[in-house]
Amino acid sequence: MPGLRGKGVFLCLLLWSASCVFLFCEYLIYFPAVWRCSWPEPGGGSGGSGGSGGQAAPVLRALVLSDTHLLGALRGHWFDKLRREWQMERAFQTALWLLQPEVVFILGDIFDEGKWSSPEDWEDDVRRFLQMFRHPSDTELVVVVGNHDIGFHYEMSWFKLQRFEKVFNATSARIVTRKGVNFLLVNSVALHGDGCSICQSVEKELFRLSHALNCSTQAGSMGERCRDVRKLPSSRPIILQHYPLYRASDAGCAGEDAAPPEERNLLFKEQFDVLSQAASQKGSFTSETFNLSKCFLPQESTVIAIYCACAAVLIVLTLVHFHLFKGTLHCASCLMSKHKSL
């Protein structure tokens, strides 16, 4: 009986240890990772934040994500979907709890197969997204469309675009203003410049928004043309879209999340990897007061290494406790001695 009791206690400790490792790798590991990502201090980094007369301007805390690529029914294996979506959910919910952003922007490619999804698959993908990226009422979620959500330019259609816009209460060109900051949100998939109906609609709306922004910053010189324009804060807009503006390659990029050195000089394909030069040159930008801090989540390789190391330790402890380790060593030595005698 004492021996059986000892074995029972050991098995309970073994189970408790495995549960602790599982809890850490699947839940707690996100807290120290997100905790290292603090908000940048106002007034540093990319510019000052002081208002007129020395009065500090209100600070908006915005969290920016992109390319979540929720796997769909066609190419997504059920276990891969379960694993990756759990990781994204825990990372997002931990960031909301620790950082408490006022607004969250997701810059497109929310879904991996939105361009192909049937109505039934689309509804399932949307349901999973809303579960993963749930948020409190005092945090606003703002979404921009990407090419995997509605297809590349040659795949894009009004049906897929309107389906996306209905779910996320979005339009292809709009201004979101929070705490005096203007965010210009653009459907960059439609900036192809070939006169397609969606492209024409987006360009027309961008022209109207550009006029409104010019009126807000140059009201004194615009005269009568600004009389019927909706008033906007006088700050320059921050443009948010899925495709990057044109650049030849990643040769000028550096940092922890930069492309590998052997890939940085690979040329980008216009209208596929980046916007075309012509589309990028249609807008002009000036520097504006903002501060940026990059956040990095736990590496999947780290989680796998922790699991493997703990599994190895628990196996060795089990062998030692049940006196199997000596037997294993004895069998190994017997095999080696037989090999030598041969």
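Structure shown above.
Reference entry: report on the structure contained in this document. As the structure is a computational prediction, the values presented were derived from the model and not from experiment.

Quick notes on the sheet that holds strand β4 (residues 173–178)
Part 1 of the reasoning: Strand order in the open sheet formed by three strands is β4-β5-β6, with mixed pairing between adjacent strands. With partners counted over all chains shown, the strands left at the sheet margins are β4 and β6 (238–240), one partner each. On average, adjacent strands in this sheet sit at an angle of 25° to one another, irrespective of strand direction.
Part 2 of the reasoning: Pairing analysis gives six bridges linking β4 to strand β5 (residues 181–186), with the strands arranged antiparallel. Opposite Arg174, over in β5, you have Leu185 as the bridge partner.

Some thoughts on unusual backbone geometry
Part 1 of the reasoning: A positive phi angle is found at His69, which is not glycine, with a value near 50°.
Part 2 of the reasoning: When you line up the elements, His69 lands in the loop between β1 (62–65) and α3 (78–99).
Part 3 of the reasoning: The phi dihedral of Lys179 falls on the positive side, at around 50°, and the residue is not glycine.
Part 4 of the reasoning: Note on placement: Lys179 falls in the loop between β4 and β5.

Some remarks on the nonpolar core
General note: in soluble globular proteins, nonpolar side chains tend to be found buried as a group.
Part 1 of the reasoning: Counting residues in hydrophobic clusters, the biggest one holds 44 residues, and the most contacted among them are Ile110, Phe111, Phe129, Phe164 and Phe168.
Part 2 of the reasoning: For this core, the secondary structure elements donating two or more residues are α3, β2 (103–107), α4 (119–132), α6 (158–168), β4, β5 and α7 (197–217).
Part 3 of the reasoning: Element by element, the count of residues in this core is highest for α7, at six residues.
Part 4 of the reasoning: Not counting residues up to four positions away in its chain, the partners in contact with Phe168 are Ile110, Phe111, Phe129 and Val143.

Considering a nonpolar patch on the surface
Part 1 of the reasoning: Nonpolar side chains collect at one region of the surface, where Leu23, Phe24, Tyr27, Leu28 and Trp86 lie side by side and expose about 430 Å² of accessible area between them.
Part 2 of the reasoning: The element contributing the most residues to the nonpolar patch is helix α1 (residues 2–28), with four residues.
Part 3 of the reasoning: Inspection of the secondary structure puts Trp86 in helix α3.

Looking at the pairing of β5
Part 1 of the reasoning: For β5, a buried count of five out of six residues is recorded, marking the element as mostly surrounded by other parts of the structure.
Part 2 of the reasoning: Two strands pair when backbone bridges link them, and β5 and β6 are joined in this way by three bridges, in the parallel orientation. Looking at the pairing, Leu185 lines up with Leu240 of β6.

Remarks on the sheet that holds β1
Part 1 of the reasoning: With respect to topology, three strands assemble into an open sheet ordered β1-β2-β3, the strand pairing being parallel. The sheet is open, and its two borders are formed by β1 and β3 (140–144), each paired with just one other strand. Averaged over all neighbouring strand pairs, the angle between strand axes comes to 15°, with direction disregarded.
Part 2 of the reasoning: When β2 meets β3, the two strands line up parallel, connected through five bridges. In the sheet register, Val103 faces β3, and the bridge partner there is Glu140.

Observations concerning the side chain of Gln93
Part 1 of the reasoning: Relative to the helices and strands, Gln93 resides in helix α3.
Part 2 of the reasoning: Given a relative accessible area of 15%, Gln93 falls into the buried group.
Part 3 of the reasoning: Here Met132 takes part through its backbone oxygen, which lies 3.0 Å from a polar atom of the side chain of Gln93.
Part 4 of the reasoning: Aside from chain neighbours lying at most four places away, what touches Gln93 is Met132, Phe133 and Arg134.

Rules and cut-offs
- Going along each chain's sequence as written, the residues are numbered from 1 onward.
- Reporting of local features is limited, given that this is a predicted model, to residues whose pLDDT is at least 70; pairs of side-chain atoms are given and counted only at 80 or more, and all residues count toward the totals for whole chains, interfaces and linings.
- To get the side-chain values, all heavy atoms of the structure are used, and hydrogens and water are removed first.
- By the convention used here, strands pair only if DSSP detects at least 2 bridges between them.
- Each helix corresponds to a stretch of at least 4 residues labelled H or I by DSSP, and each strand to a stretch of at least 2 residues labelled E; elements are numbered beginning at the N terminus.
- Axis geometry follows a simple rule: fit a line to the C-alpha atoms, using only the stretch in contact for helices, then measure angles between N-to-C directions, giving values from 0 to 180 degrees.
- Throughout, nonpolar core names a set of buried Ala, Val, Leu, Ile, Met, Phe, Trp, Tyr and Cys residues whose side chains join them through atoms within 4.5 Å.
- Throughout, exposure labels follow a simple rule: accessible area from a 1.4 Å probe, protein chains only, divided by the maximum for the residue type, with under 20% read as buried, over 50% as exposed, and the rest as partly exposed.
- Throughout, a residue-residue contact means that at least one pair of heavy atoms, one from each residue, lies within 4.5 Å.
- Surface patches are defined over residues having more than 30% relative accessible area and no salt bridge, joining like charges when they lie within 9 Å and nonpolar side chains (Val, Leu, Ile, Met, Phe, Trp, Tyr) when within 5 Å.
- We get accessible surface area from the Shrake-Rupley algorithm with a probe of 1.4 Å; when it comes to residues, only the shown protein chains can shield them.
- For salt bridges, the criterion is a side-chain nitrogen of Lys or Arg within 4 Å of an Asp or Glu carboxyl oxygen.
- Each polar contact in these results corresponds to two N or O atoms within 3.5 Å; when the atoms are within protein, one needs to be able to donate a hydrogen and the other to accept it, and residues that are neighboring in sequence are counted only if both atoms are side-chain atoms.

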